[in-house]
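These are the residues of each chain, in order.
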Amino acid sequence: NAGVTQTPKFQVLKTGQSMTLQCAQDMNHEYMSWYRQDPGMGLRLIHYSVGAGITDQGEVPNGYNVSRSTTEDFPLRLLSAAPSQTSVYFCASSTTGGRDEQFFGPGTRLTVL
Amino acid sequence: AQSVTQLDSQVPVFEEAPVELRCNYSSSVSVYLFWYVQYPNQGLQLLLKYLSGSTLVKGINGFEAEFNKSQTSFHLRKPSVHISDTAEYFCAVTSGYSTLTFGKGTMLLVSP
């Protein structure tokens, strides 16, 4: 099993550009989520999904879109990148939700100039 | 609403010394508590969790934590740390199948 994979590992964008961060898992997990990690802020939830076709907002959803067309994939879209979105982004998956062990991907380090 | 407070942003210790990383939570309902560890340039991995039952929970790498409902705490302990324990540690809480709320993290710095 590859577990949770994320691409790219690093990305530099200019303000206003759009891009998609990819996340995939091969564990047949229903629950997937996106977090951003900033120094001194811990991990903050952006969006999550409890199954294919179902998504919901987390704590900091503004400027991000998600969709879940398959169980395996949960891409995160930045619509118009801003310097405030410079961060490390982690995707995680679990069997059914927050009380289950979350399996994290290796992260994507995004810089917006 | 649920929240987590990790009282120390950094904890420096010498190798083979004991360590305690503090975590307090707030929630209006029953909670499930977790400690995750993040080694440099990696994602997080589960260290241990409390769902129910015994309040003393043992995890990987010799870590343990004690759930104290009256003090709303879930402190992480290890009797003797190694250099390889240098990492950031995150306490997290959920009230069921809802989302997980993380604390801001404690950086454990182990020196020889």
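Structural notes, computed from the coordinates.

Each value, and the rule that gives it
Residues numbered from 1 in each chain as written. Chains lettered and ligands numbered in written order. Predicted model: local features only at pLDDT ≥ 70, side-chain atom pairs only at ≥ 80, totals over all residues. Heavy atoms only, no water. Helix = DSSP H or I, 4+ residues; strand = E, 2+ residues; numbered from the N terminus. Rg over C-alpha atoms; globule rule 2.2 N^0.38 Å. Buried < 20%, exposed > 50% of the residue type's maximum accessible area, 1.4 Å probe, protein only. Contact = heavy atoms within 4.5 Å. Lys, Arg positive; Asp, Glu negative; His and termini not counted. Charge placed at Lys NZ, Arg CZ, Asp CG, Glu CD. Salt bridge = Lys/Arg side-chain N within 4 Å of Asp/Glu carboxyl O. Polar contact = N/O pair within 3.5 Å; in protein donor to acceptor, adjacent residues only side chain to side chain. Nonpolar A, V, L, I, M, F, W, Y, C, P; charged D, E, K, R; others polar. Phe/Tyr/Trp six-rings, centres within 6.5 Å; stacked < 30°, edge-to-face > 60°. Lys NZ or Arg CZ within 6 Å of the ring centre and 35° of its normal. Pairing = 2+ DSSP bridges. Axes fitted to C-alpha atoms, helices over the stretch in contact; angles between N-to-C directions.

## Section: the overall build of chain A
Step number 1: Counting its secondary structure elements, chain A contains zero helices and 11 strands.
Step number 2: Ordering the α and β elements of chain A from the N terminus gives β-β-β-β-β-β-β-β-β-β-β.
Step number 3: The globule rule puts the C-alpha radius of gyration for 113 residues at 13 Å, and the 13 Å found for chain A is close to it.
Step number 4: With the principal axes as the frame, chain A shows a C-alpha extent of 35 × 30 × 25 Å.
Step number 5: When burial is assessed residue by residue, chain A has 50% of its 113 residues classed as buried.
Step number 6: Within chain A, contacts between residues at least 6 apart in sequence are counted, and of these 53% link residues at least 24 apart.
Step number 7: Across chain A, the 8 positively charged side chains and the 9 negatively charged ones have centroids separated by 11 Å.

## Details of the interface of chain B and chain A
Step number 1: On the chain A side, the residues contacting the 21 residues of chain B number 21 residues.
Step number 2: Here chain B and chain A share zero salt bridges between them.
Step number 3: On inspection of chain B and its partner chain A, the count reaches three residue pairs in polar contact (both at pLDDT 80 or more).
Step number 4: For the side of chain B that touches chain A, the leading source of residues is strand β5 (residues 32–38) of chain B, giving four residues.
Step number 5: Counted by class, the side of chain B that touches chain A contains 10 nonpolar, nine polar and two charged residues.

## Digging into the packing of aromatic side chains
Step number 1: What the rule picks out here adds up to 13 aromatic pairs over all chains.
Step number 2: Ring centres 6.5 Å apart and planes at 80° place the aromatic pair F90 of chain A and F104 of chain A in the edge-to-face group. Separated by 14 residues along the polypeptide, F90 of chain A in strand β9 (residues 87–94) and F104 of chain A in strand β10 (residues 103–104) bring together distant segments of the chain.
Step number 3: Residue class for F90 of chain A comes out buried when judged on its relative accessible area of 2%.
Step number 4: Site record: aromatic cluster; members linked through ring pairs are Y35, F90 and F104 of chain A together with F34, Y36, F90 and F102 of chain B.
Step number 5: Across the ring face of F74 of chain A, the terminal group of R68 of chain A is positioned such that the distance to the ring centre comes to 6.0 Å.
Step number 6: The lysine or arginine in question, R99 of chain A, covers the ring of Y32 of chain B, its NZ or CZ lying 4.5 Å from the ring centre.

## Focus: the sheet that holds strand β8 (residues 76–78) of chain A
Residue and element names in this part refer to chain A.
Step number 1: If you walk across this open sheet you meet the four strands as β1-β3-β8-β7, and the pairing is antiparallel. For this open sheet the edge positions go to β1 (4–7) and β7 (64–66), each flanked by a neighbour on one side alone. Taken pair by pair, the neighbouring strands of this sheet meet at an average axis angle of 20°, ignoring direction.
Step number 2: Pairing geometry for strand β3 (residues 19–25) and β8, over three bridges, is antiparallel. By the bridge assignment for β8, L21 is matched with L76.

Note that all results are geometric; they support no functional claim without further evidence.
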